[in-house]
Amino acid sequence: MTHIRRLDYASTPHEPYDVAAEKMLAGSPKQILSNHFSNAVGNFHTGFWEAEPGIWQVNYTEYEYCEILQGVIVMTEDGGEAQTVRAGDRFTIEPGYRGTWEVREYARKVYVIYEP
């Protein structure tokens, strides 16, 4: 058994999904989740995420590390200023983040999620 797993987009299954209607603010962005790994407990995940342009509400209960591979996203925390991220940017989000994600250009990111 190996304890090293390469994060490879081509060999990771891609699962299309839609944003829940009650969270949508603009557009109808198709999204793709490509979960590469989840631990046995189910609270740690890595993979890829993609989305078409649109705006929706988010409410984080997890920690997430993101690396934007493609596109432009504007994230606006409730009561805060908008932050724009684009290809090459890396950042973390903590539980308690509430606000919006606006994908302005088709986006793809690598994610690492920990759910306490």
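On a predicted model such as this, the values are computed, not experimentally measured, just so you know.

A. Up close: the overall build of the protein. A tally of regular secondary structure across the protein gives zero helices and nine strands. Reading the secondary structure of the protein in the N-to-C direction produces β-β-β-β-β-β-β-β-β. Scaling as 2.2 N^0.38, a compact globule of 116 residues should have a C-alpha radius of gyration of about 13 Å, and the protein matches this with 14 Å. The principal-axis extent of the C-alpha atoms belonging to the protein is close to 45 × 30 × 30 Å. When the 116 residues of the protein are sorted by exposure, 34% land in the buried category. For the protein, the proportion of contacts with a sequence separation of at least 24, taken over those separated by at least 6, is 65%.

B. Focus on the packing of aromatic side chains. Under the defined criterion, the tally for this structure stands at six aromatic pairs. For the ring pair Tyr-9 and Phe-48, a centre distance of 5.2 Å and an interplane angle of 90 degrees mean the geometry is edge-to-face. Of this pair, Tyr-9 sits in the segment before strand 1 (15-18) while Phe-48 is found in strand 4 (residues 44-51), placing the two residues 39 residues apart along the sequence. What makes Tyr-9 partly exposed here is its relative accessible area of 24%. Taken together, the ring pairs in this structure connect Trp-49, Trp-56 and Trp-101 into an aromatic cluster. Geometry around Trp-49 places Lys-109 over its ring, the cationic atom sitting 4.9 Å from the centre.

C. View of the layout of surface pockets. In this structure, the largest pocket spans a volume of roughly 490 Å³. As for the largest pocket, its lining consists of 21 residues, and the residues nearest its centre are Tyr-17, Gln-31, Trp-49, Tyr-60 and Glu-62. Among the elements of the structure, strand 3 (30-38), strand 4, strand 5 (54-59) and strand 9 (98-114) are those that each provide at least two residues to the lining of the largest pocket. Here the lining of the largest pocket is built from residues that sort into 11 nonpolar, five polar and five charged.

D. Main features of the side chain of Glu-50. With respect to the helices and strands, Glu-50 occurs in strand 4. Taking the relative accessible area as the measure of exposure, Glu-50 reaches 3% and is therefore buried. Within polar-contact distance, the side chain of Glu-50 engages the side chain of Tyr-9 at 2.5 Å. Beyond its immediate stretch of four places on either side in the chain, Glu-50 contacts Tyr-9, Lys-30, Gln-31, Ile-32, Tyr-106, Ala-107 and Arg-108.

About the cut-offs
Residues numbered from 1 in each chain as written. Predicted model: local features only at pLDDT ≥ 70, side-chain atom pairs only at ≥ 80, totals over all residues. Heavy atoms only, no water. Helix = DSSP H or I, 4+ residues; strand = E, 2+ residues; numbered from the N terminus. Rg over C-alpha atoms; globule rule 2.2 N^0.38 Å. Buried < 20%, exposed > 50% of the residue type's maximum accessible area, 1.4 Å probe, protein only. Contact = heavy atoms within 4.5 Å. Phe/Tyr/Trp six-rings, centres within 6.5 Å; stacked < 30°, edge-to-face > 60°. Lys NZ or Arg CZ within 6 Å of the ring centre and 35° of its normal. 1 Å grid on protein atoms, 1.4 Å probe; cavity = no way out; pocket = protein on both sides within 12 Å on 5 of 7 lines; lining within 4 Å. Points joined across faces, edges and corners; volume = space filled by probe spheres on them. Nonpolar A, V, L, I, M, F, W, Y, C, P; charged D, E, K, R; others polar. Polar contact = N/O pair within 3.5 Å; in protein donor to acceptor, adjacent residues only side chain to side chain.

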